[in-house]
Amino acid sequence: MATFVDRVVLHLQAGDGGHGCASILREKFKPFGGPDGGNGGHGGSVSLVVDPQVTTLLDFHFRPHVKADNGRGGAGSNRDGANGHDLVLKVPNGTVVQTLDGTVLADMVGAGTTFEVARGGRGGRGNASLANAKRKAPGFAELGEPGDHLDVVLELKSVADVGLVGFPSAGKSSLISVISAAKPKIADYPFTTLVPNLGVVRVDDHTFTVADVPGLIPGAATGKGLGLEFLRHIERCSVLVHVIDTATLEPGRDPVADIDTIEAELNQYGGLADRPRLVALNKIDVPDGRDLAEIVRPDLEERGFRVFEVSAATREGLKELTYAMAELVDAGRKAAPPAEPTRIVIRPAAVDDAGFTIEARADGSFTVRGVRPERWVKQTNFDNDEAIGYLADRLARLGVEEKLAKAGAQPGDLVRIGEREFDWQPTLYAGVDFVPGNRGTDIRLEEKTNRASAAERLAARKARRVRSADGLDADTTDDVDADIDDDEDDAE
């Protein structure tokens, strides 16, 4: 069973917002008391926080699927739904949050550092909040906005001041066990150390941390051995210490060749060229090891290395080595720029920024991109004609209709907003005021039929009556004229 995990993939799902409620108050003596639908609650968010008591990502290795609570739906009598509980995940110090393609979202260093990685959806408004002077009793409510769904990679990079590097079985674990309280596993076979070990060292009034990185071999930077998995743990170290085995019996191994090999791997990994180096020639308690250390020491000093002959078994030379570590760590801390307080940066939107863009595609369709239009589409119930008309009015007020026309859109063209597709009909919405009708309906969306409306039938009946009256008057006048002519003939 794995006991140390420094890289996991998290499948995160923030909570969805609750739906708003469409309700009409009905009480005794108040058969139509007006809208009283409450708003839906907001969905819970997922946040990461650095906890010094957490040292591994093991919990997320076994439970990679994380989901926050959804918001509750609104109800009648102006009752708003409850918000979903936010979910806070504790991560070790030095955790890097990345997307699956390697884009860094956050580098979490320092106890209490918090990062909201998945945001909960907004709750939909109830019809009481949607009422206005023209739409006094909306027959619809907004849907809750879906929460964020994403996969992120958590990668742990240990935060240590000094990193011990070297070949397997060079004595790194033994060294860290005697200069600190760390108790790593120690055995006489290669790759005993399978996970990084951290130890705290105190020298006079200086305190610093030391990381024991699993042994490196040629090709570690390209994936051989265990080096590629754990080289990331020395990225934050300000000092590197080469722990060299002077008593090895392996053919072709000597201290100078070992340092050259490790330096080549560090250079290939990249980003570590500016770190000061120390060399610890270990295992001088062995007679052959002490002799070899004395032979190679002048060559290493000519290269600019500070060399220390030490023995983890007898603790010889460790005092000088730890003082040198403390000196370099203290110099690095003084050279580091002072930590600045977090600055609050306000970036107001440009005056001429409409908050959306329109992209014309080669197939003749148009895509509208923007936070507000896409959110409005998600919150619209497309089974309700009045809700669709309300969405159209909002888009028209935002300027989407006007910009689509300027972009060359013609009636009937395909328009995409978010995951929805529409056949653009500007004559239905642009410049047309909302006319109240039955709740849940919008006369602008009613399909035209051959059957005349009630108003049209009434107008036709009035027209027929006028024509009938005019015809009757004309016939009566003709009859009177004929009688007068007959009387005149009789008189003659």
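Cut-offs and rules
- Residues numbered from 1 in each chain as written.
- Predicted model: local features only at pLDDT ≥ 70, side-chain atom pairs only at ≥ 80, totals over all residues.
- Heavy atoms only, no water.
- Salt bridge = Lys/Arg side-chain N within 4 Å of Asp/Glu carboxyl O.
- Helix = DSSP H or I, 4+ residues; strand = E, 2+ residues; numbered from the N terminus.
- Buried < 20%, exposed > 50% of the residue type's maximum accessible area, 1.4 Å probe, protein only.
- Pairing = 2+ DSSP bridges.
- Axes fitted to C-alpha atoms, helices over the stretch in contact; angles between N-to-C directions.
- Parallel < 35°, antiparallel > 145°, perpendicular 65-115°, else oblique.
- Contact = heavy atoms within 4.5 Å.
- Nonpolar A, V, L, I, M, F, W, Y, C, P; charged D, E, K, R; others polar.

Caption draft 1: The pattern of salt bridges, seen in detail. The final tally for this structure, using the stated rule, is 22 salt bridges. Between Lys90 and Asp51 there is a salt bridge, with the nearest N and O atoms lying 3.7 Å from each other. Linking Lys90 in strand S4 (residues 87-91) with Asp51 in the loop between strand S2 (46-50) and helix H1 (58-62), this pair joins segments that are 39 residues apart in sequence. On the basis of relative accessible area, Asp51 is assigned to the buried category, the value being 15%. Arg297 is the partner of Glu301 in a salt bridge, and the nearest nitrogen-oxygen pair spans 2.9 Å. Remark: Arg297 and Glu301 occur in helix H6 (residues 287-302); sequence separation between them is 4 residues, near one turn of the helix. Residue Glu301 is classed as partly exposed on the basis of its relative accessible area of 40%.

Caption draft 2: The arrangement of the pairing of strand S16 (residues 366-369) in detail. Of the strand pairs in this sheet, strand S15 (residues 357-360) and S16 are connected by 4 bridges, and their pairing is antiparallel. Along S16, the bridge assignment pairs Ile358 with Val368. Adjacent in sequence and paired antiparallel, S15 and S16 are bridged by 5 residues, among which Gly364 carries a positive phi angle near 90°. Summarising the sheet, S16 and strand S17 (residues 414-417) pair through 3 bridges and their orientation is parallel. Each residue of the ladder has a partner; that of Thr367, found in S17, is Arg416.

Caption draft 3: How the structure looks around the packing of helix H5 (residues 255-269) against H6. In contact at an axis separation of 9 Å, H5 and H6 are set at 50° when each is read in the N-to-C sense. Taken together, the axes of H5 and H6 are oblique relative to one another. Across from Pro255, Val256 and Ile259 in H5, the residues of H6 making contact are Leu292, Val296 and Leu300. Grouping the constituent residues of the contact of H5 with H6 by class yields 6 nonpolar, no polar and no charged.

Function cannot be read off these values alone, since they describe shape.
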